[in-house]
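# Remarks on the overall topology
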Amino acid sequence: MPELKLPKLPDRTSIKLSITVTPDLHQMLQDYAALYAESYGREEPIAELIPAMLAAFLESDRAFLRSRRVPVR
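Notes on the structure in this doc start here. Bear in mind the structure is a predicted one, so any value in this text is a computation, not a measurement.

## Focus: the pattern of salt bridges
The final tally for this structure, using the stated rule, is 1 salt bridge. Linking R42 and E44 is a salt bridge whose minimum nitrogen-to-oxygen distance equals 2.8 Å. A relative accessible area of 53% places R42 in the exposed class.

Below, the structure is given as structure tokens:
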């Protein structure tokens, strides 16, 4: 079997989560969505923005990223 440059694709099955947020957080999310629409000229539902927001947050948390590193053997 030849060794391809492209590795096997990861599981891309979506997982649905339900969360409850405070009224203040909901307002902030609405405000963010409005600013997003103003900035990019395209409205996106809050539910579509939240996964990208969470990913950006996690990718910027250095302590979290350090804790996930797999030791090199």
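## A short note on the packing of aromatic side chains
In this structure the tally under the stated criterion is 1 aromatic pair. Seen from their ring centres, Y36 and Y40 are 4.8 Å apart, and the 50° between their planes marks the pair as tilted. Here the residue Y36 and the residue Y40 both occupy positions in helix 1 (residues 23-40), the gap between them amounting to 4 residues, near one helical turn. For Y36, a relative accessible area of 23% corresponds to the partly exposed category. Its relative accessible area of 60% is what places Y40 among the exposed residues.

Analysis parameters
- In every chain, residue numbers begin from 1 and rise along the written sequence.
- Restriction of local features to residues with pLDDT of at least 70 applies here, the model being predicted, together with a cutoff of 80 or more for giving and counting side-chain atom pairs; totals for whole chains, interfaces and linings are based on all residues.
- Side-chain calculation: all heavy atoms of the structure are included, whereas hydrogens and water are not.
- Salt bridge, as used here, is a side-chain nitrogen of Lys or Arg placed within 4 Å of a carboxyl oxygen of Asp or Glu.
- Only protein chains enter the calculation, and the probe is 1.4 Å; a residue is then buried if its accessible area is under 20% of its type maximum, exposed if over 50%, and partly exposed in between.
- Working definition: a ring pair exists when centres of Phe, Tyr or Trp rings (six-membered ring for Trp) sit within 6.5 Å. Plane angles under 30 degrees give stacked, over 60 give edge-to-face, the rest tilted.
- Runs of E in the DSSP output that reach at least two residues are strands. Runs of H or I that reach at least four are helices, and both are numbered from the N terminus.

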